[in-house]
Amino acid sequence: MGLRRALFGGAPDAGPGVIRVAGSPEVTVRLKRSSRARRLSLRISRLDGQVTLTLPTHVPRREAEAFVHEKADWIRGHLADLPGELRPMPGDLIPFEGQMCEVVAVARRGVAQVGGRIEVPSSGVEATPARLGAFLKVAARERLVAASERHAAAIGREIGKVTLRDTRSRWGSCTHEGNLMYSWRLVMAPPDVLDYVAAHEVSHMVHMDHSDAFWRQCADLFPDHKAQRRWLRQKGGALHRYRFRD
């Protein structure tokens, strides 16, 4: 995959900025000043490889630069370990409902899961990634709407509009009107993970925060959800390595 660059303009002492360290590959680090930070802290996103250095507001830029230069090889090593992007074609494996399925080209119309594989049309094979993306979105909508309606019925509510997006910062959201947004990539995760996210967002129809009351409501709908939350933290980022369009 190599290093993915996060491009932010401006000098850090005047606002958001970056530090770059020449080399192979070049290291690009976004600076983020925080009044709550007590020390310099590096974070590498498993979603897009963005490197962020959080530092206290009083720390001068030269100290941040020295820290980044010292950690440059460490950063390169961690970036090299991140999974590269994959544009799935016949012969590749993609996750669907938590199982790795082989993409197989056959003489058929449309895309379908058949046993432990996902069959795609053998004609126009160059369109395979787009076809797979469309298939996943349809499957995600069916499962997320059903799960949301089921959880909402359990608390005597009705869901509003369900929107699917390819979000990286969150797996779902809920508005005061009961409109729900989900990442369609959830259909690639195990079914219980998708179900937990639906329960989580429906719980926001009762509590629009993450208070203790919210978590009690969430536990009523989906008891013992620690394993599903842990899966999202540890493995959810890998779902974004699959690219379905240019």
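Scroll up to find the structure.
Every chain is numbered independently, its residues counted from 1 as its sequence is written. The model is predicted, so local features are restricted to residues of pLDDT at least 70 and side-chain atom pairs to those at 80 or more, both for listing and for counting; the totals for chains, interfaces and linings are taken over all residues. As a convention, hydrogens and water are excluded, and side-chain values are obtained from all of the structure's heavy atoms.

**Concerning the side chain of Asp 195**
Only DSSP runs of H or I covering at least 4 residues are called helices, and only runs of E covering at least 2 are called strands; the numbering of each starts at the N terminus. Its place among the elements puts Asp 195 in helix α4 (residues 191-203). Judged by relative accessible area, which is 15%, Asp 195 ranks as buried. A contact between two residues is defined here by any heavy atoms of the two lying within 4.5 Å. Not counting residues up to four positions away in its chain, the partners in contact with Asp 195 are Ala 147, Arg 150, His 151 and Phe 222. For the exposure calls, accessible area comes from a 1.4 Å probe over protein chains only, and a residue counts as buried if that area is under 20% of its type's maximum, exposed if over 50%, partly exposed in between.

**Re the pattern of salt bridges**
Salt bridges are identified by distance alone: a Lys or Arg side-chain nitrogen within 4 Å of an Asp or Glu carboxyl oxygen. By the definition in use, this model includes nine salt bridges. Note that Arg 117 and Glu 119 form a salt bridge whose closest N and O atoms lie 2.7 Å from each other. By relative accessible area, which is 33% here, Arg 117 ends up partly exposed. The exposure class of Glu 119 is buried, given its relative accessible area of 9%. As a salt-bridge pair, Asp 195 and Arg 150 come within 2.6 Å of each other at their nearest N and O atoms. Note that Asp 195 is positioned in helix α4 and Arg 150 in helix α3 (residues 128-154), a separation of 45 residues in sequence. Looking at Arg 150, the relative accessible area reads 46%, which means it is partly exposed. Connected through salt bridges with shared partners, the residues Glu 97, Glu 142 and Arg 143 form a single ionic network.

**Section: a positive patch on the surface**
On the surface, a cluster of positive charge is made up of Lys 226, Arg 229, Arg 230 and Arg 233. Of note, Lys 226 is situated in helix α6 (residues 226-235). Taking relative accessible area as the criterion, Lys 226 reaches 61% and is therefore assigned exposed. The patches reported here contain residues having more than 30% relative accessible area and no salt bridge. Joining distances are 9 Å for like charges and 5 Å for nonpolar side chains (Val, Leu, Ile, Met, Phe, Trp, Tyr). Shrake-Rupley sampling with a 1.4 Å probe provides the accessible areas, and residues are treated as covered by the protein chains on show and by no other component. Asp and Glu count as negative and Lys and Arg as positive, but His and the ends of the chain are not part of the count. Lysine's charge is taken at NZ, arginine's at CZ, aspartate's at CG and glutamate's at CD.

**Some points on the sheet that holds strand β11 (residues 180-183)**
Strand order in the open sheet formed by three strands is β9-β11-β10, with mixed pairing between adjacent strands. Either end of the sheet is taken by a strand with one partner, and the two such strands are β9 (162-165) and β10 (172-174). This sheet shows a mean twist of 15° between the axes of neighbouring strands, independent of strand direction. Strand pairing follows a simple DSSP-based rule, namely that at least 2 bridges must link the two strands. Two strands pair when backbone bridges link them, and β10 and β11 are joined in this way by three bridges, in the antiparallel orientation. The angle between two axes is taken between their N-to-C directions and runs from 0 to 180 degrees, where each axis is a line fitted to C-alpha atoms and a helix contributes only its stretch in contact.

**Regarding the packing of aromatic side chains**
When two rings of Phe, Tyr or Trp (its six-membered ring) have centres within 6.5 Å they constitute a pair, described as stacked for plane angles under 30 degrees, edge-to-face for angles over 60, and tilted for the intermediate range. One pass over the structure, following the stated rule, counts four aromatic pairs. Ring centres of Phe 96 and Phe 135 lie 5.3 Å apart, and the angle between their planes is 40°; on these two criteria the pair is classed as tilted. One end of the pair, Phe 96, is in strand β5 (residues 93-96); the other, Phe 135, is in helix α3, and 39 residues separate them in sequence. An identical accessibility class is assigned to Phe 96 and Phe 135; each is buried. Measuring from centroid to centroid gives 5.9 Å for Tyr 196 and Phe 222, while their planes differ by 70°, and the two rings are edge-to-face. Of the two residues, Tyr 196 sits in helix α4 while Phe 222 sits in the loop between α5 (212-221) and α6, which places them 26 residues apart along the sequence. As far as burial versus exposure is concerned, Tyr 196 and Phe 222 are alike and both buried. In our convention, an over-ring charge means Lys NZ or Arg CZ found within 6 Å of a ring centre and within 35 degrees of that ring's normal. Taking the ring centre of Tyr 242 as reference, the NZ or CZ of Arg 241 above it sits at 5.4 Å.

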